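The lines below spell out each chain.
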Amino acid sequence: MKKFDVVIAGGGVIGGSIALELSRSGLSVALFDRQQPGQEASWASAGILSPAPESPGMVSMVPLGRASMALYPEFVAQVEEISGMSTGFRPKGTLEALFSHDTNAELSTIIALHNGLGLKAEPLRAEDARELEPSLSEEVEAAVLRPEEASIDNRALTAAILQAAKRRGAEIFSGDGAKAIWREGKRCAGLVLQNEKVEANWTVIAAGCFSATIDGIAPYAPVRPAKGQMASLRTDDVKIERVLWSEKIYLVPRNDGRILAGATVEHAGFDKRVTAGGMEKILAAAIDLAPGLANARIEETWAGLRPASPDHLPILGPTDIDGLLIATGHFRSGILLTPITARLIREWITEQRVSVDWERFSPLRFSVRRE
Ligand SMILES: Cc1cc2nc3c(=O)[nH]c(=O)nc-3n(C[C@H](O)[C@H](O)[C@H](O)COP(=O)(O)OP(=O)(O)OC[C@H]3O[C@@H](n4cnc5c(N)ncnc54)[C@H](O)[C@@H]3O)c2cc1C
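Quick look at the structure, then. (Residues numbered from 1 in each chain as written. Predicted model: local features only at pLDDT ≥ 70, side-chain atom pairs only at ≥ 80, totals over all residues. Heavy atoms only, no water.)

1. Overview of the overall build of the chain
Regarding its fold elements, the chain presents eight helices and 18 strands. Its C-alpha atoms give the chain a radius of gyration of 21 Å, within 12% of the compact-globule value 21 Å for 371 residues. Taking the principal axes of the C-alpha coordinates as reference, the chain spans close to 65 × 40 × 40 Å. Each of the 371 residues in the chain was classed as buried or not, and the buried ones make up 56%. For the chain, the share of sequence-separated contacts (at least 6 apart) that also reach a separation of at least 24 residues comes to 74%. (Helix = DSSP H or I, 4+ residues; strand = E, 2+ residues; numbered from the N terminus. Rg over C-alpha atoms; globule rule 2.2 N^0.38 Å. Buried < 20%, exposed > 50% of the residue type's maximum accessible area, 1.4 Å probe, protein only. Contact = heavy atoms within 4.5 Å.)

Shown next as structure tokens:
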């Protein structure tokens, strides 16, 4: 049986980028996916790169998001250069539209919150917002511009990361998933696959919302799927430059003219069906934000499963089983957090230290620590 320095379970953006980062450091890496890699959450995503917190509970993730955002331009350049593929990176900022009647108070609260977290945010009057984004509804009363945010074509990014990892020597196996971790006493010796075992010094679990279905992983990564439905629209009548947000929806322009609208957040198990109710919510909110979309063609609809941890924060780092690391639970921010996740896992494996404090995201926070 072949032995590797590192084996990874899961070939989405997270597993793929870890494989790339580690093989670039000269380690031998094997990645196993139970199906064709890159077809789950990383495919279904919207690809918005925004470290701004969506709720007070997410504030502790802001430093990690900022660190990842800072790495993004160089990360994209490397992935594109190694893979020879484009990723559709759009560092053009995002704009949050406010419909409220009390917009002045709301604006100053949002700006103060962002600035306090070190995030750049500028208030805009409605007319200035519509000058930047003429498709915005006449009902918009004010807006917040976040000039340092961005978006990326997550499908293209995932494919490019996997291609780059292969070109740097990572071995990628499709159609063979991990059943369990291979335990030898207090050590993890690798993965138990469908019909064989694969041995490694380090084992990384990056199987997204499916991570807890691998035997031995649930205590460290009790993730469950959070379904998100999306639609892709196209029309010559609406031109959007930046990602647009309202309270109910986001619209994400792609370089090829598509406008993505999303997304629902539903707890429906592993169900990926697109529903009439889900589409109704998304399309109504999209038209409220940019009325010209009423005539847009619906090109595609889909749903994907975000990996959600109990506190909605990522699960990153070593466990109390020697050699076993977890990298999942990225919930709504996995595309944003890809470069920093790959960097931190590589640092831990090659140097046993990390450059950003990740204690808050420890896989040991869900279980009583065992001595
Ligand atoms: C609708 C939607 C919109 C989103 N929008 C954004 C956004 O705008 N910005 C953002 O940053 N994030 C967003 N996200 C979240 C982001 O997409 C995820 O956090 C991220 O893709 C998770 O990546 P992953 O590699 O951990 O998981 P996945 O991409 O789900 O990959 C997991 C892989 O593991 C494999 N696998 C499963 N079981 C096994 C096994 N037993 N053994 C081996 N392999 C296995 C799967 O086949 C899959 O390939 C969105 C997600 C959704 C669904």
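2. Considerations on the packing of aromatic side chains
Applying the stated criterion across every chain, the model contains seven aromatic pairs. When the ring of Y72 is compared with that of F75, the centres are 5.9 Å apart and the planes differ by 80°; the resulting orientation is edge-to-face. In this pair, Y72 and F75 are both assigned in helix α3 (residues 62–83), three residues apart and thus about one turn of the helix distant. A relative accessible area of 8% means that F75 is categorised as buried. Relative to W358, the ring of W348 lies with its centre 5.8 Å away and its plane at 50°, an arrangement referred to as tilted. (Phe/Tyr/Trp six-rings, centres within 6.5 Å; stacked < 30°, edge-to-face > 60°.)

3. Examining the pattern of salt bridges
If you walk through the whole model with that rule in mind, you get 22 salt bridges. Its salt-bridge partner being E149, residue R146 comes within 3.0 Å of it at the nearest N-O pair. Judged by its relative accessible area of 5%, R146 is buried. Look at E149 and you get buried, because its relative accessible area is 4%. (Salt bridge = Lys/Arg side-chain N within 4 Å of Asp/Glu carboxyl O.)

4. A look at unusual backbone geometry
Note the cis peptide between G262 and A263, where omega equals -15°. By secondary structure assignment, the location of A263 is in the loop between β15 (259–262) and α7 (276–289). At F331, a residue that is not glycine, the phi angle is positive and equals roughly 45°. By the element assignment, F331 lies in the loop between β18 (324–328) and α8 (338–351). When its relative accessible area of 11% is taken as the criterion, F331 is described as buried. The phi angle at Q352 is positive, at roughly 55°, despite the residue not being glycine. On the secondary structure map, Q352 appears in the segment after α8.

5. Some details on the pairing of strand β2 (residues 29–32)
Judged by which residues are buried, β2 turns out to be covered on both faces: V29 and L31 on one side and A30 and F32 on the other are all buried. Inspection of the sheet shows strand β1 (residues 3–9) paired to β2 by four bridges, in the parallel sense. Pairing of A9 across the sheet is with F32, part of β2. Each parallel crossover has a hand, and the one from β1 via helix α1 (residues 13–24) to β2 is right-handed. Both β2 and strand β8 (residues 171–173) contribute to a ladder of three bridges, which runs parallel. Its bridge partner being in β8, A30 is matched across the sheet by E171. (Pairing = 2+ DSSP bridges. Right-handed = clockwise from strand over helix to strand, strands pointing away.)

These figures capture arrangement, not role.
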